[in-house]
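Observations on the three-dimensional arrangement
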Amino acid sequence: MIQIDAWKRVLILGVCLLGLLWALPNLFYSRVEPYNDAAAAVEAGAVSTPEIEAALARWPGFLPSGLVNLGLDLRGGAHLLAEVQLEDVYAARVEGLWPEVRDALRDVRGEVGTIRRQDAPPGELRVRISQPEGLQAAVDAVRALASPVVSVTGVGESDLAVTGAGDVVSVTLGEAERRATDDRTMQQSLEIIRRRVDEAGTREPTIQRQGADRILIQVPGIGSASELKALIGTTAKLTFHAVSGRTADPETRVDADELLRPSLDEEGVFYVLERAPVVSGDDLTDSQPAFDQNGLPSVTFRFNPSGARAFGQFTGANVGAPFAIVLDEEVVTAPTIREAITGGSGQITGNFDVEEANRLAILLRAGALPAEMTFLEERTVGPELGQDSIDAGKVASLVALAAVVVFMVAAYGLFGVFAMAALGINIALIFAVLSTIGGTLTLPGIAGIVLTIGMAVDANVLVFERIREELRTARGPARAIELGYERALSAIVDANITTFIIAAILFTLGSGPVRGFAVTLGIGILTSVFTAIFVTRLFIVLWFERRRPKTIEV
Amino acid sequence: MRLKLVPDETNWDFMRWRHWTFGASVVAMVLALVVWAVMGLNFGIDFLGGTTIRTESTAAVDVGAYRDAIAPLGLGDVSITEVFDPTFEAGRNVAQIRIQAQDGAEAVTAETIAQVEAALASVDPSVTFPSVESVGPKVSGELIQTAVIAVLASLAAILVYIWLRFEWQFSVGAIAALVHDVVLTIGVFALFQIRFDLATIAAILTIIGYSINDTVVIFDRLRENLVKYKKTPLIEVMNRSVNETLSRTLMTSGTTLLALIALLVLGGDVIRGFVFAITWGIVVGTYSSVYVAKNVVLMLGVERDPKAPSDAGTQFAGPGA
């Protein structure tokens, strides 16, 4: 006799009910989405407004409110794949070493003589000493600046590689330090991109590291990839330098420890600056758009304690001299220092309009990207196209579902009805799982669901056909049903495991829409096996127990 | 009254046509390879790099005018195709513009796209750009590599799984069927010059999944019958197995095809190539389960040990609930 323990019945029905409940919010997408946004805003400490109240009232709080994320191809938005130029950071790091190296070598001046910085490829610092016999002393002095690498893999290694040849000392970053730096650069870039995207106030952006040096950025609802690039792509590197001269000649020759930078708003004016910055944007803690004493848009900034100290010392020692505020290799302004600025805050004035000041403040606040990025891939999908795709997918899915229902009921009668009820639960379960794990539904993902509709039927068909066969050997309907399930199981399991392997491989190797497809296919396989061998079977058993038919027709 | 696609008891001699069908499969595969070699595949920007811009306008698409507007920009090979779709309402005119990857440009330049958009807007002020996609040559090269690895990895994983669950002859037969399906699908893509992109790879993998599903169900029955009819010649056991699973094969393929045809007609032009590939693959996959996979197993022969345990076919069996 076919039997299912009472606790198993409760478990199976419980899973089905939970699935239906968790899938429910997706039917009311346009209600639940504002509700979620409002709830998130309240969570973040927003002051309650009538709009927020209204949004909160649209969905009962005791019901689940998880939604399936709609992919960019469905919702519209921008997708960028960026590559971070990790080598840039090596150059900046080595550059920052120069004052320390200079001071260290000055301390051993008696042995090495005078020192002079040489031109070198980026990422390398070369210093020529006038007494070659003091090379070992010079190398030792510079090596003393090195510190152990701070990373798990680089334990015991030093961060600087110092070599000497003839009369030249050369400093680069060590191998382990490069790896550790790469990792920090990526994390910092991710963090800064996240902050910049968040500042712009878009919803549910995806910002992921891919491989060693890539970042995937997907922002739903943004107008275009270029807009997104403008938001995150700007490096906004802010530094403060001592000024050694002003010139109109762009060909002016400068020393190796100096820089020539054009002025942002004065045509044909160039500044000669000390290469090593006094303070850099890394020390910035806050930045706000403001208006200066003349009522023109400006940007205020505030340093952290160490930045404030350095800035205070510098301004104190150089009253009457100019200093330059350099943004992205252009001199924004070069005011004269009137007095020591010890409070650690200041104001940048320039030829900004309000919008520029606002954007600059955002960029400064979010910090500078540690390295430049190049964009390898960009995609923009307009919201209308996404809506069209959703509509087309909906219609196609409903028609597909209706056709399958008619076909199955015509072929298997009541058993077909059971299978179709299970299929409905199956689809609800897919949406429930996707909502719960925060999965993303893409256009190929919809195709994956439609395919699941087709394939979910297969497991039921296998069982029903098997029951038909067993009925022919006439050992009673109960026995036929039991044997049908028993004998079809091996084929169902084998067939679905192979398809699942493919979904897993697609998920691992795929990206973007392919991955979305793999997710829905994989979940669809799991839920369809569950509904076919547990849910349909439970329906049949429940029906059988009530009716006790002497014969059945499948 | 039940819908029955096949009578309850059939005893059709499927394997009688094995030489013809196998020959036909070989010829079809050779033809597909020739078409592929001669005509090549219409690779999308996923694999070639470059930019595609989708335009939508209330005015009729004038491909010539578009071309004249873009030509002065000197972007190299530009292809413009008008997109027709039964789901478009009147007054909705869509075109697809593809621009080749620009020499020496690793990153995608927003300026180029802006220039093209401005040029098109000067021809047709009502034009909008619902989607713009650019892929740099560096990434596209990697995408091809990943795609090939994905297909090969799936084949290898299936080979191992079938080998573990059945015998090596079945494994070889299943893989032969899968290669057959993949080659024929690629052949169709080359023949009709349907755009071949990442979604197509997903489609091919789906076909592999579906086809293996079908093959495994028939193999499963074959294994069961080999134990049941120990003395019957292999070819007869095969015929019996195909006949016994025929009803299921047609029901499943039928329902899946119904779902896919709905998607093909109503799903919109964006995923049509993708759905077409899967639809075609299911037809081919159903055929190859019987006539390629089985044929190969028949040729290789199966070792039949009369002393083998009789429950070999039901390792996973047992009531699930």
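Scroll up for the structure.
Right, let's walk through the structure included here. Just so we're clear, the structure is a prediction, and the values are computed from it rather than from any experiment.

**Focus: the packing of helix α3 (residues 63-70) of chain B against helix α4 (residues 110-123) of chain B**
All names here are of chain B. For the pair α3 and α4, the least separation of the axes is 9 Å and the interaxial angle reads 135°. The orientation of α3 with respect to α4, classified from their angle, is oblique. The two elements α3 and α4 cross, and the hand of that crossing is right-handed. Where α3 approaches α4, its residues Ala65, Tyr66, Ala69 and Ile70 are matched on the opposing element by Val116, Ala119, Leu120 and Val123. Across the contact of α3 with α4, the residue classes tally to eight nonpolar, no polar and no charged.

**A word on the sheet that holds strand β3 (residues 78-83) of chain B**
Across the sheet, which stays open at both edges, the eight strands sit in the order β7(A)-β8(A)-β2(A)-β18(A)-β5(B)-β2(B)-β4(B)-β3(B) with antiparallel pairing between neighbours. The sheet is open, and its two borders are formed by β7 (206-210) of chain A together with β3 of chain B, each paired with just one other strand. Here the average twist between neighbouring strands, direction ignored, is 15°. Pairing geometry for strand β2 (residues 77-84) of chain A and strand β8 (residues 214-220) of chain A, over seven bridges, is antiparallel. By the bridge assignment for β8(A), Gly77(A) is matched with Pro220(A).

**So, the sheet that holds strand β5 (residues 160-165) of chain A**
Residues and elements named next belong to chain A. The four strands are arranged β3-β4-β6-β5 in an open sheet whose pairing can be described as antiparallel. Strands at the two margins of the open sheet, each flanked by one partner only, are β3 (115-118) and β5. Along the sheet, successive strands turn relative to each other by an average axial angle of 25°, direction set aside. Along the sheet, helix α5 (residues 87-107) contacts β3, β4 (125-129), β5 and β6 (168-173); its crossing angle with β4, the most-contacted strand, is approximately 25°. Those strands touched by helix α7 (residues 135-143) are β4, β5 and β6, and its axis lies near 170° from that of β5.

**A short note on the packing of aromatic side chains**
Residues and elements named next belong to chain A. Scanning all chains against the criterion turns up 25 aromatic pairs over all chains. Look at Phe311 and Phe323: their rings are 5.6 Å apart centre to centre, the planes differ by 75°, and that puts the pair in the edge-to-face class. Note that Phe311 is positioned in helix α10 (residues 305-317) and Phe323 in strand β15 (residues 323-327), a separation of 12 residues in sequence. Residue Phe311 shares its accessibility class with Phe323, and that shared class is buried. Taken together through their ring pairs, the aromatic side chains of Tyr412, Phe415, Phe418, Phe464, Phe539, Trp543 and Phe544 make up a single cluster.

Reading guide: rules and limits
Residues numbered from 1 in each chain as written. Chains lettered and ligands numbered in written order. Predicted model: local features only at pLDDT ≥ 70, side-chain atom pairs only at ≥ 80, totals over all residues. Heavy atoms only, no water. Axes fitted to C-alpha atoms, helices over the stretch in contact; angles between N-to-C directions. Helix = DSSP H or I, 4+ residues; strand = E, 2+ residues; numbered from the N terminus. Parallel < 35°, antiparallel > 145°, perpendicular 65-115°, else oblique. Left-handed = near helix turned anticlockwise from the far one by under 90°. Contact = heavy atoms within 4.5 Å. Nonpolar A, V, L, I, M, F, W, Y, C, P; charged D, E, K, R; others polar. Pairing = 2+ DSSP bridges. Phe/Tyr/Trp six-rings, centres within 6.5 Å; stacked < 30°, edge-to-face > 60°. Buried < 20%, exposed > 50% of the residue type's maximum accessible area, 1.4 Å probe, protein only.

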